[in-house]
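Residue-level listing of the chains:
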Amino acid sequence: MFGEFGGRFIAETLYEPLEELDRAFRKAIKTKDFLRKLDYYLRVYAGRPTPLYYAKNSSEKLGLKLYIKREDLLHTGAHKINNTLGQCLLAKDILRKQRIIAETGAGQHGVATATACALFSLKCVVYMGKIDTERQEINVLKMKLLGAEVVPVESGTRTLKDAINEALRDWITNIDTTHYVIGSVVGPEPFPEIVAFFQSVIGEETIRQIRKFEGRYPDFVVACVGGGSNAIGIFRPFLKTKVDLIGVEAGGDGNNHSASLNYGKIGIFHGSKTYVLQDEDGQILGTHSIAPGLDYPAVGPEHSYLRSTGRVKYVVSDDQAALEGFEFLSRVEGIIPAMEPAHAMGWILRNAKDLKKSTIILNLSGRGDKDMHIYKTVRAK
Amino acid sequence: MKLCTYYTCGFPDMESSFKIIRAISEFSDYIEIGIPFSDPIADGPTIQLASQKSLENGFRLKKAFPIINELSKEFPTKKYLIMTYYNIIFQRKEDFIKKSKESGVWGIVVPDLPPGEDTEFEEKLQEKDIKTIFFVSPTTPKNRMKYISRRTTGFIYYITVKGVTGERNKLPEDLVKKIQEAKKITKKEVFAGFGISNAEQVKELKGVADGVIIGSAIIKKVIESGSKDPTDDIKRFLGEIKENLV
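Residues numbered from 1 in each chain as written. Chains lettered and ligands numbered in written order. Predicted model: local features only at pLDDT ≥ 70, side-chain atom pairs only at ≥ 80, totals over all residues. Heavy atoms only, no water.

1. Section: the packing of helix H4 (residues 80–95) of chain A against helix H9 (residues 191–199) of chain A
Residue and element names in this part refer to chain A. Axis separation between H4 and H9 bottoms out at 8 Å; the angle between their running directions is 115 degrees. On the basis of the axis angle, H4 is roughly perpendicular to H9. Crossing hand, H4 versus H9: right-handed. Mapping the contact onto sequence places Lys80, Asn82, Asn83, Gly86 and Gln87 in H4 and Phe191, Ile194, Val195, Phe198 and Gln199 in H9. When the residues that make up the contact of H4 with H9 are grouped by side-chain class, the tally is 4 nonpolar, 5 polar and 1 charged. (Axes fitted to C-alpha atoms, helices over the stretch in contact; angles between N-to-C directions. Helix = DSSP H or I, 4+ residues; strand = E, 2+ residues; numbered from the N terminus. Parallel < 35°, antiparallel > 145°, perpendicular 65-115°, else oblique. Left-handed = near helix turned anticlockwise from the far one by under 90°. Contact = heavy atoms within 4.5 Å. Nonpolar A, V, L, I, M, F, W, Y, C, P; charged D, E, K, R; others polar.)

So this is what it looks like as structure tokens:
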């Protein structure tokens, strides 16, 4: 539990398997061989450590010191691989399960899971909303090329949340043979903790790197928050410091958004007590963001907790601000960011005056290749 | 053996669902009224579809209580239960319990609320003498079964399969043995549910379980009937089930 948040609001059939998973995870992180293997694959396969890049051009332009944590340089183009390598290794070596299922929205987590499954010779099934399979054809093709089966989900809103529903239903049915590699710090315990653990490598590297550059901590660490795995990954090691931590939610187009911490209410969703976008009756609402990876009506329970204690400040960037961030980093730094962290960059741009002279770390959680068709549509308007 | 039936409120619309629930009430000892939720993770395609259609056709929570109230008055010997996902209750805990009690609700079934996850809610139900129905599944270990039994004030809902709700032709081979084992551990009544859709299966469970729960199979009849009135079909089906209970 994270304060009052989190928990295990799930069907009884999953209760014991989640206990088992918790035991396996605790065993794994005390097993030297497991940690050594994970470290090995993170280094030589995924490309860790990722650089902390001093963004000189941006810094001069904005009158501040901007560092960029380059998770976009990882294999498969985003931070997601940190988690899928960890969980697939957990499934193979500790849980001894040969079948992996995953959900995916835009396809990044699906591709990262399919990749880890190919590497470790595991069977892989990815659930993806029907609408998303149409919007993200290339990622569907990539997953298939990597050997995964992609199942289009026709229920509900036919997007990410429904893909998670369907993955949970598969898991309930095939619990003996299957491990569910959830893609963010969401879901019932122990999933939020497992994903946070595997993503914390981002923050641990960052804290060492910034000390080397600056000899001190930064003033701000800024990350985008959908489910919130890249943000938890970089925030975790900074929680005990005095650094200002900023989580940037997607403000959408003004009418529709996916900013559950800013505009949602506490509820129970996907097994966890957390902030959720819902109507008066408690029915879950549809969401919108220009960044497919932020398009989720809830958020990891640890973020709800960090909001309630005030340790992290959660703000909103709308589609427009994200586009500004997207274009700015492309033109000024020669880095095309994913639309998700572009929200975080957008917040920095819009608040540059107040941030003058500060040292800021931006978690660039992924690269923007996958978003070029979105950019093309926007530009055409 | 007792019969518990399930039906999704508001499917395909409020008026039809009222008629259908009224029809199934005649045959049942317990009637679970499903309050649809947008994301029913423990349900298979049939109840998913019913929930979605109900919501699309304008189901609102406040419309459900008057229906239960009317039915519980018309059938005072029958026990009415509410089945819904926890977020629906969580948004208005006290009010939900109060309205349930006033409408004559006997018990509440929440597939995503394991016992102990919200003890305050369980206590409030106890205060109002509304029964808790908790699940036991094929994955539940014995120790936990004891714990679940202690927390249950209504009956134990034994999930026959690893999986979600929905009609299946056959019951798992070891089900009878598993229920018998469960009956040794708990003194509470044990009802079998998930996948029960024909008289053959009911026969198999006679003398083993204290009750059977049938849901998706009834909804399936409604879906199959198209624009025709499904009540005769449902009555025929439940009549046959009922013959095999005794």
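Don't stop here, the text continues.
2. Digging into the sheet that holds strand E1 (residues 52–54) of chain A
All names here are of chain A. The 6 strands lie next to each other as E1-E2-E12-E7-E8-E11, forming an open sheet whose pairing is mixed. Bordering the open sheet on either side are E1 and strand E11 (312–317), each of which pairs with just one other strand. Along the sheet, successive strands turn relative to each other by an average axial angle of 25 degrees, direction set aside. The sheet contact formed by strand E2 (residues 65–70) and strand E12 (residues 359–364) spans 6 bridges and is parallel. Directly across from Leu66, in E12, lies its bridge partner Ile360. Those strands touched by helix H10 (residues 201–214) are E1, E2 and E12, and its axis lies near 145 degrees from that of E2. (Pairing = 2+ DSSP bridges.)

3. Re the pattern of salt bridges
Residue and element names in this part refer to chain A. Scanning the entire structure with this criterion turns up 47 salt bridges over all chains. When the shortest N-O distance is used, the salt bridge between Arg236 and Glu302 registers 2.9 Å. Taken together, the residues Arg236 in the loop between helix H11 (229–235) and strand E8 (244–250) and Glu302 in helix H13 (residues 301–309) connect sequence positions 66 residues apart. Using a relative accessible area of 21% as the deciding quantity, one classes Arg236 as partly exposed. The residue Asp318 makes a salt bridge to Arg350 at a minimum N-O spacing of 4.0 Å. Separated by 32 residues along the polypeptide, Asp318 in the loop between E11 and helix H14 (319–333) and Arg350 in helix H15 (residues 339–350) bring together distant segments of the chain. Asp318 sits in the partly exposed class, given a relative accessible area of 30%. A network of salt bridges, in which partner residues are shared, links Arg48, Lys69, Glu71 and Glu205. (Salt bridge = Lys/Arg side-chain N within 4 Å of Asp/Glu carboxyl O. Buried < 20%, exposed > 50% of the residue type's maximum accessible area, 1.4 Å probe, protein only.)

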